[in-house]
Amino acid sequence: MKKFISLNSIDFLGLSILGIIFKSGCKPDATTFSTLIKGQFLDCKVPEAQKLFIKLLVLKMCEPDNVMILTLINGLCKAGQSTRALELLHILEKKLDGNPMLKHITH
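Fair warning: this is a prediction, and the values are worked out from it, not measured in the lab. (Residues numbered from 1 in each chain as written. Predicted model: local features only at pLDDT ≥ 70, side-chain atom pairs only at ≥ 80, totals over all residues. Heavy atoms only, no water.)

Asker: Could you give an account of the environment of Phe-53, naming the residues involved and the relevant values?
Answerer: As for its placement among the helices and strands, Phe-53 is situated in helix H4 (residues 46–59). Classification of Phe-53 as buried rests on a relative accessible area of 1%. Through-space distance from the C-alpha of Phe-53 to that of Met-68 is 8.7 Å; in sequence the pair is 15 residues apart. For Phe-53, the contacting residues outside a window of four places in its chain are Ile-37, Pro-64, Met-68, Ile-69, Leu-72 and Leu-92. (Helix = DSSP H or I, 4+ residues; strand = E, 2+ residues; numbered from the N terminus. Buried < 20%, exposed > 50% of the residue type's maximum accessible area, 1.4 Å probe, protein only. Contact = heavy atoms within 4.5 Å.)

Below is the structure:
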C-alpha cells in the first residue's frame, strides 16, 4: 500500500486496495489508515486527511495509535495548520482520556 501512496495515487489505487481489504473480510488496522492519511497529506489533500481521521474515530473503525496521531499532527503542521494541529491534540486528549498512548505523546 505504501508504494501506491508514494506515487501520489491515493484517490484511486490506495482506496481501491482499502476496498479489497474490506471485501476480503479483513479489518484494516491503524497502520493501514495511517498510510492513507499520510497519502492524503502528501497529495495536498489536508481536509480529506482530517475527514478520514474523524471518520475513523466516529465510526470506531480502529483505535488510533501513536503513529496515526503523530502522522496527522505532522501533516497539519507541514501544511501550515499548526493551530489546527494543537486544537486537534486538545480534542484527542478529551476524547481518548485514559489512553496511555495519547498520554505518552502529550506529557
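Asker: Before we move on, could you go through the pattern of salt bridges and cite the residues and values that matter?
Answerer: In total, this model carries two salt bridges according to the counting rule given. We note a salt bridge from Lys-45 to Asp-43, for which the minimum N-O separation is 3.4 Å. With relative accessibility at 18%, the residue Lys-45 sits in the buried group. A salt bridge links Arg-84 to Glu-87; the nearest nitrogen and oxygen atoms lie 3.8 Å apart. A residue pair is termed a helical-turn pair when its members lie 3 or 4 positions apart in one helix, as Arg-84 and Glu-87 do in helix H6 (residues 82–95) at three residues. (Salt bridge = Lys/Arg side-chain N within 4 Å of Asp/Glu carboxyl O.)

Asker: I'd like a rundown of the packing of helix H3 (residues 30–42) against helix H5 (residues 66–78), residues and numbers included.
Answerer: At a closest axis distance of 9 Å, the pairing of H3 and H5 adopts a crossing angle of 5 degrees. As far as their axial angle goes, H5 and H3 are roughly parallel. Packed against H3, whose contacting residues are Ala-30, Phe-33, Ser-34, Ile-37, Lys-38 and Phe-41, the element H5 presents Val-67, Met-68, Thr-71, Leu-72, Gly-75 and Leu-76 at the interface. A per-class count over the contact of H3 with H5 returns eight nonpolar, three polar and one charged. (Axes fitted to C-alpha atoms, helices over the stretch in contact; angles between N-to-C directions. Parallel < 35°, antiparallel > 145°, perpendicular 65-115°, else oblique. Nonpolar A, V, L, I, M, F, W, Y, C, P; charged D, E, K, R; others polar.)

Asker: Describe the confidence of the model for the protein, listing the residues and the values that go with them.
Answerer: Looking at the protein, pLDDT values average 78 and 73% of them are 70 or higher. Ranking the elements of the protein by mean pLDDT puts helix H1 (residues 2–6) last with 47 and H5 first with 91. Confidence drops under a pLDDT of 50 for residues 3–9, and excluding neighbours within four residues, the segment shows 13 contacts in the predicted structure. (pLDDT = per-residue confidence, 0-100.)

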